[in-house]
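# Working through the structure, step by step
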Amino acid sequence: FTTDIHGNYFPHDFRHDHWGKGSLQRVHAFVAQQCRHENAGSTILIDGGDMLQGEPTAYYFNYIKQEGKHKVSEICNYIGYDVGVIGNHDIETGHSVFDRFVKGCNYPILGANVISEDTGEPYFEPYTLLYRSGIKIAVIGLVTPAIPQWVPKTTWEGLKFEDIKESAKKWISYVKENENPDFIIGLLHSGMDEGIITTEYKENSTRETAEEVDGFDLILYGHDHTSNMEEIENIHGKNVLCVNPGSHAYNVAEIKLKFTLNQEKKVIKHDINCQLSYIGKLHN
């Protein structure tokens, strides 16, 4: 799991012209290395949003090199991402950029609480299903609804943003009833807590969502750029692991899931092991 890449696609600091830390290039090398040691067919690669804004490379691919597919979608396709969520800084780039990026991705970019004013339905896909080793995993994606506080409506014309907690309740209920998954991941572009709070929404609502929304087995989150692994007890006494590897691909979060099945091949138990792996510097 990566999040908040912010244009750090290559291990070079283009502003100061020297080697840089992190980068999607190192994510690719790290994932390829891990897949040589693990069951590559059971691997899932997930991104938590804010891919399109930040370093000079992001500006160049957004507004200068505009022919063909968005170059960042091609990079992410090459690395092999399976699912991502839209971030507030992705939407900040404007429809002409983020629509082109989403269209170019060979994997779904989620956003269950981003609603089209024309249709009343989610503008992005609300969730996706991933199948690995006979296990059905649902991923529900949500983004901080504070976007109207930061950028003009011209960048998100025709959209509105629902509260994360309320949207999560709705979509968990829908996914459970209609898809019957073995495991549900919440993919949130929203920090742990604090931030902007209004009568309509909270900017950072990962803790609130983990505590008050029953049904997530794991929450992957970002937005606040703070690496963290924390178990939060929900209203039914279930501990939900919440993981944030931090920003700019300095870390990759490795989450290993082990499922126990009964004779009917139904999941009766799962175990989660997680660590943050630092990939910030070159390893010669």
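Remember, predicted model here, so these are calculated numbers, not experimental data.

Rules used in this analysis
Residues numbered from 1 in each chain as written. Predicted model: local features only at pLDDT ≥ 70, side-chain atom pairs only at ≥ 80, totals over all residues. Heavy atoms only, no water. Helix = DSSP H or I, 4+ residues; strand = E, 2+ residues; numbered from the N terminus. Rg over C-alpha atoms; globule rule 2.2 N^0.38 Å. Buried < 20%, exposed > 50% of the residue type's maximum accessible area, 1.4 Å probe, protein only. Areas by Shrake-Rupley, 256 points an atom, 1.4 Å probe, with all protein chains shown as cover. Pairing = 2+ DSSP bridges. Salt bridge = Lys/Arg side-chain N within 4 Å of Asp/Glu carboxyl O. 1 Å grid on protein atoms, 1.4 Å probe; cavity = no way out; pocket = protein on both sides within 12 Å on 5 of 7 lines; lining within 4 Å. Points joined across faces, edges and corners; volume = space filled by probe spheres on them. Disulfide = S-S within 2.5 Å. Contact = heavy atoms within 4.5 Å. Axes fitted to C-alpha atoms, helices over the stretch in contact; angles between N-to-C directions. Patch = residues over 30% accessible without salt bridge, like charges linked within 9 Å, V, L, I, M, F, W, Y side chains within 5 Å.

### What to know about the overall build of the chain
Looking only at helices and strands, the chain has seven helices and 15 strands in total. At 18 Å, the chain has a C-alpha radius of gyration in line with the 19 Å of a compact globule built from 284 residues. A principal-axis box enclosing the C-alpha atoms of the chain has dimensions of 55 × 50 × 35 Å. Here the chain, with 284 residues, has 54% of them falling under the buried criterion. Taken as a whole, the chain presents about 13,300 Å² of accessible surface, with 47% of it coming from carbon and sulfur.

### A word on the sheet that holds strand E5 (residues 109-110)
Taken in spatial order, the three strands of this open sheet run E3-E4-E5, and their pairing is parallel. Strands with a single pairing partner mark the edges of an open sheet, and in this sheet they are strand E3 (46-47) and E5. Note: E3 against strand E4 (residues 83-85), two bridges, orientation parallel. Directly across from Ile46, in E4, lies its bridge partner Val83.

### With respect to the pattern of salt bridges
Tallied over the full model, the rule gives 12 salt bridges. Here Glu208 ties to Lys202 by a salt bridge, and the two come within 3.4 Å at their closest N and O atoms. Owing to a relative accessible area of 15%, Glu208 belongs among the buried residues under this scheme. A relative accessible area of 29% places Lys202 in the partly exposed class. One network of salt bridges, in which partners are shared, links Lys165, Lys202, Glu208 and Glu212.

### Examining the layout of surface pockets
A probe matching the size of a water molecule, rolled over the atoms, marks out where space remains unfilled. Taken as a whole, the largest pocket spans an internal volume of roughly 760 Å³. Lining the largest pocket we find 26 residues, and of these Ser42, Thr43, Ile44, Ile255 and Lys256 sit closest to its centre. The set of elements that each furnish at least two residues to the lining of the largest pocket consists of helix H1 (24-37), strand E8 (135-143), strand E11 (218-221) and strand E14 (251-261). With seven residues, the single largest contributor to the lining of the largest pocket is E14.

### Concerning the state of the cysteines
Summed over the entire model, instances satisfying the criterion amount to zero disulfides. The thiol of Cys76 is not disulfide-bonded; the next cysteine sulfur, from Cys105, is found 5.9 Å away. Cysteine Cys242 is unpaired, with the sulfur of Cys274 as its nearest cysteine sulfur at 11 Å.

### As for the side chain of Thr206
Within the fold, Thr206 resides in helix H7 (residues 206-212). A relative accessible area of 0% means that Thr206 is categorised as buried. Residues in contact with Thr206, not counting those within four places in the same chain, are Leu188, Ser190, Gly191, Met192, Ile219, Tyr221 and Cys242.

### Structural notes on the pairing of E14
Bridge analysis of E14 against strand E15 (residues 267-278) gives 11 bridges, and the strand direction is antiparallel. What sits directly across from Ala253, in E15, is Leu276.

### Some points on the environment of Gly222
In this structure, Gly222 sits in the loop between E11 and strand E12 (228-233). We classify Gly222 as buried; its relative accessible area is 0%. Measuring from C-alpha to C-alpha, the distance between Gly222 and Ser247 comes to 7.9 Å, with 25 residues separating the pair along the chain.

### Some words on the pairing of strand E7 (residues 127-132)
In this sheet, E8 lies alongside E7 in antiparallel orientation, the contact comprising six bridges. Residue pairing in the sheet places Tyr127 in a bridge with Ile140 of E8. From the end of E7 to the start of E8, which pair antiparallel, there are two residues, and Ser133 there has a positive phi angle of about 50°.

### Let's talk about the sheet that holds strand E10 (residues 183-189)
Overall, mixed pairing links the six strands, which are arranged E7-E8-E10-E11-E13-E12 in an open sheet. Every other strand in the sheet has two partners, leaving E7 and E12 as the edge strands with one partner each. Within the sheet, the average angular offset between the axes of one strand and its neighbour, ignoring direction, is 25°. Packing against the sheet, helix H6 (residues 164-179) makes contact with E7, E8 and E10, and its axis sits at approximately 160° to E8.

### Remarks on a nonpolar patch on the surface
Where nonpolar side chains cluster on the molecular surface, the patch consists of Tyr59, Tyr60, Tyr63 and Ile64 and spans about 430 Å² of accessible area. Mapped onto the elements of the fold, Ile64 is located in helix H2 (residues 56-64).

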